[in-house]
Amino acid sequence: MQRLLAIDCSERELCFVIATAAGDRITVESAEAVELPRPADNSVLSNEDVGKALQGALGKYKRSGAKVLVGVDRSAVELFELTLPPASDAELPELVINQVTSQSAGAAEGAVIDFVPHPGAVTEPRQITAAALASQELTRINAVCSAASVTPDRLLVRPYETASLFLKHNPLESGFALLVNVINDDVDLIVVDSQRPLFFRSVRLPGKLGNESAETRLVHEIRRTLLVAPPEGSAARTIDTIYLLGTSSDYERVRERVSQGATTNVELYDPLSGFLPGKDWKPLTSGRLVPLLGMLVNEAKGGTHAIDFLHPRRPPKAKNQLQRYAVLGTVVGLMLAVAGYYQWDLIASADAENRRLQEELSDLEKLVKKTAEKKKVIAALDEWNTNSIVWLDELRDLSSRFPSGQDIVLQRLTMSPARGGKANVAFQGLVREPGVVTRMEATLRDARHEIQTPRVDERVQDKSYTWNFESLLSLSAVKPKSTAESDDDAPKGTGKSSRKNGAGKKTETRKSANPKSPAPESDGGAETTGPAAPAEATNNKKSAKGENAPETSPAGASEGRKS
């Protein structure tokens, strides 16, 4: 809710209205019209005297926080009807000021200029109604308000506010109307269409309403206005209705006189319709109240006024380049600050991630140090298990492959591991004939076993075992395999046994060779059983001479016989 104070004062009378507005509801709390006294010498009251009279009248009412709207008499305003070249609304203020100051010397001397553009396209010539308030009149109004201890917020033209009151409360659907507002011995004649005032003029009467000559003059001025002020653009169009802004008997009498012999409809219009009365409201019949009510309506409905000399239309201010550069610099600075913060945030996030990874790496290094010794042990055990030789299985395999004890007697057997998962078995003994050595080599040689017999020689001391030999057997460790593969690769006639750790242990077996005591049949080896897994080796056969020897005999057999 806003409080409004509308004031209109002239040399002979002052009037004001105090109201409150809440949306479209306007409540008129109080109103008063005060006739100013005339000095004895019939001179004009000073501005200070008028202000003191206004202050005294307002002192009886509460008006704190009210917006002050001040009306200007039509006689104090100079109007101009202008036709300007096509221009945008932003270009109009400068064009209007230049045109008005070139046409009026008074307007060029510090006058306040405002204007109302007529409806039309910006690409066509612009029709303008301009108003100029002389600097002397502006000074007088400010002096009166200062003496009354009020500060005006708006300075408005009275006929425009009168037309606005009528059009907002009684809008015309079509056609044209003539509004007649009598203010003491002055009368405002305003021609309007459905949107705005098109033409207005002010006339001074020889007296107030009720005076015969004043009423006769008023009727003549109304008929004259119908003739000299046709609506814009076409003389064929006529004014449809005449509205007398008042409801007293004086207005009724004028209405009857205007209606006589006229084809135009004449009606009375109550300017207080649409307002709510306040508790201190006392009805007034003064026509000076009508433009004040129009000020209240315009301010309550958005504060849009046709002419306002305290807020005139002005050309847009030229942009200050320094200000523009300052704004651009501020924008660039803000962008750089945002970009810098973004980069700082990225770097901070990367640093935090690096610290986290460094801590994780440190924890992992500590864990590696703790598990390094265990890893070495596990690696050694794994290597030992992978390359180990199960000596019990090898002894069982050799004993099952050797010839029978009737043909061979081992005197010495040495078993030792070698690098790369291999092992060497060196043995020497006695055989009945060189062919036994050849059969032994053929029996022992396979993918995992490679045998060489560097020496076979004959001896004469023993009649049963007359040949001496030395052999070297190289074997490979069995690679870990599945049970099914072990079953498929196992030699026929052999059983299965689990591998046992025997690598790294040097085993030496000796057998005595007694030519008089034949070796038992079971002297071929131990009774342990186990699978003999295949491994790669190369065949190397040596030839030896003998009575029953095959074509290939161990190397060195002939030499032994000679010895």
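Not measured: the values here are computed from a predicted model.

## Details of helix H4 (residues 135-147)
In this model, H4 (13 residues) spans 18 Å end to end at C-alpha, consistent with the 18 Å of a helix rising 1.5 Å per residue. Residues of H4 that are buried: Glu-137, Leu-138, Ile-141, Val-144, Cys-145 and Ala-147. Residues of H4 that are buried make contact with strand S1 (2-9), helix H1 (47-58), strand S4 (67-72), strand S6 (112-117), strand S7 (126-133) and strand S8 (154-157). Positioned one or two residues after H4, Ser-149 has a phi angle of 60 degrees, which is positive.

## Notes on the confidence of the model for the protein
Residues of the protein with pLDDT of at least 70 account for 82%, and the chain-wide mean is 79. At the level of individual helices and strands, the protein shows its lowest average pLDDT in helix H13 (residues 557-562), which scores 33, and its highest in S8, which scores 93.

## A word on the nonpolar core
One finds Leu-5, Phe-16, Leu-155, Val-192, Tyr-243 and Phe-309 to be the most contacted residues of the largest nonpolar core, which totals 68 residues. At 8 residues, helix H8 (residues 289-300) tops the list of elements feeding residues into this core. Every residue in contact with Leu-155, bar those within four places of it in the chain, is listed here: Val-70, Val-72, Leu-133, Leu-138, Ile-141, Ile-307, Asp-308, Phe-309 and Leu-310. Counting residues in hydrophobic clusters, the runner-up holds 23 residues, among them Trp-391, Phe-402, Ile-408 and Phe-427.

## Looking at the packing of helix H6 (residues 212-228) against helix H7 (residues 249-259)
Running from amino to carboxyl end, H6 crosses H7 at an angle of 50 degrees, the nearest separation of the two axes being 10 Å. By the criterion of interaxial angle, the relationship of H6 to H7 is oblique. The chirality of how H6 crosses H7 is right-handed. Contacts between H6 and H7 involve Glu-212, Glu-215, Thr-216, Leu-218, Val-219, Ile-222 and Arg-223 on the former and, on the latter, Arg-253, Val-254, Arg-257 and Val-258. Residues that form the contact of H6 with H7 fall into these classes: 5 nonpolar, 1 polar and 5 charged.

## With respect to the pattern of salt bridges
Here the structure, examined in full by the defined rule, presents 27 salt bridges. With a shortest N-O distance of 3.8 Å, Asp-8 and Arg-158 are connected by a salt bridge. With Asp-8 in strand S1 and Arg-158 in helix H5 (residues 158-169), the pair connects residues that are 150 residues apart, well separated along the chain. Residue Lys-67 pairs with Glu-299 through a salt bridge whose shortest N-O separation is 3.0 Å. Taken together, the positions of Lys-67 in strand S4 and Glu-299 in helix H8 put the pair 232 residues apart, joining distant regions of the chain. Of the residues examined, Glu-299 reaches a relative accessible area of 5% and is grouped as buried. Here the salt bridges do not stand alone but share partners, grouping Asp-8, Asp-73, Arg-158 and Asp-188 into one network.

Calculation notes
Residues numbered from 1 in each chain as written. Predicted model: local features only at pLDDT ≥ 70, side-chain atom pairs only at ≥ 80, totals over all residues. Heavy atoms only, no water. Helix = DSSP H or I, 4+ residues; strand = E, 2+ residues; numbered from the N terminus. Expected span 1.5 Å × (residues − 1). Buried < 20%, exposed > 50% of the residue type's maximum accessible area, 1.4 Å probe, protein only. Contact = heavy atoms within 4.5 Å. pLDDT = per-residue confidence, 0-100. Core = buried A, V, L, I, M, F, W, Y, C linked by side-chain atoms within 4.5 Å. Axes fitted to C-alpha atoms, helices over the stretch in contact; angles between N-to-C directions. Parallel < 35°, antiparallel > 145°, perpendicular 65-115°, else oblique. Left-handed = near helix turned anticlockwise from the far one by under 90°. Nonpolar A, V, L, I, M, F, W, Y, C, P; charged D, E, K, R; others polar. Salt bridge = Lys/Arg side-chain N within 4 Å of Asp/Glu carboxyl O.

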